[in-house]
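Listed here are the chains, written in short residue letters.
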Amino acid sequence: MSEMVLDESIYVKQSKSTLGSSVTFKEKILETFWFPNKIENGLVELLLVADDFQRLLGISETVSVEQFEQEYSAKEDTHETYMHLKKMMP
């Protein structure tokens, strides 16, 4: 089996969120943006990106490759943003 290759892009994860109860109940789709830091041993390490795409927030998440493929997708036209954030990495 070949190793997965990550796009040099920001990835987006959509999650369902609920607010209120009974008559005030609302369901929303929450989008979070992630910088793919590395992939090894079947795990993908992601760093949370600020909503303005200008900085990393210091929050990381590690998920299996299978979960990553199901829950995350590359956001179009974010290669330049990815490269800018990559330059900021220590």
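Our structure's up above, just so we're on the same page.
Residues numbered from 1 in each chain as written. Predicted model: local features only at pLDDT ≥ 70, side-chain atom pairs only at ≥ 80, totals over all residues. Heavy atoms only, no water.

(A) Structural view of the overall build of the chain. Scanning the chain from N- to C-terminus turns up 2 helices and 5 strands. Listing every helix and strand of the chain by position from the N terminus yields β-β-β-β-α-β-α. With respect to the principal axes defined by its C-alpha atoms, the chain has extents near 50 × 35 × 25 Å. Of the contacts made within the chain by residues no fewer than 6 positions apart, 46% connect residues no fewer than 24 positions apart. With the model as given, the accessible surface of the chain reaches about 6500 Å², and the carbon-plus-sulfur share is 48%. (Helix = DSSP H or I, 4+ residues; strand = E, 2+ residues; numbered from the N terminus. Contact = heavy atoms within 4.5 Å. Areas by Shrake-Rupley, 256 points an atom, 1.4 Å probe, with all protein chains shown as cover.)

(B) Looking closely at the pattern of salt bridges. By the definition in use, this model includes 3 salt bridges. Here Lys13 and Glu61 are joined by a salt bridge, their closest N and O atoms 3.8 Å apart. Taken together, the positions of Lys13 in strand β1 (residues 11-19) and Glu61 in strand β4 (residues 56-64) put the pair 48 residues apart, joining distant regions of the chain. In this structure, Glu40 and Lys38 form a salt bridge, with 3.9 Å as the shortest nitrogen-oxygen distance. Assessed through its relative accessible area of 43%, Glu40 is described here as partly exposed. Here the residues in one salt-bridge network are Lys13, Glu61 and Glu71, joined through shared partners. (Salt bridge = Lys/Arg side-chain N within 4 Å of Asp/Glu carboxyl O. Buried < 20%, exposed > 50% of the residue type's maximum accessible area, 1.4 Å probe, protein only.)

(C) A look at the pairing of strand β2 (residues 26-40). Relative to β2, β1 runs antiparallel, the two sharing 9 bridges. Paired with Tyr11 across the bridge in β2 is Trp34. The loop that links β1 with its antiparallel partner β2 comprises 6 residues; one of these, Gly20, has a positive phi angle of about 75 degrees. With 7 bridges connecting them, β2 and strand β3 (residues 43-49) associate as antiparallel partners. Pairing of Phe35 across the sheet is with Leu47, part of β3. Counted along the chain from β2 to the antiparallel partner β3, the turn is 2 residues long, and its residue Asn41 has a positive phi close to 55 degrees. (Pairing = 2+ DSSP bridges.)

(D) Broad picture of the environment of Leu85. Among the structural elements, Leu85 can be located in helix α2 (residues 79-87). Considered as a pair, Leu85 and Thr18 are 67 residues apart in the sequence and their alpha carbons are 31 Å apart. Not counting chain neighbours up to four residues away, the residues in contact with Leu85 comprise Ile10, Phe35, Val49, Phe53, Gln54, Arg55 and Leu56.

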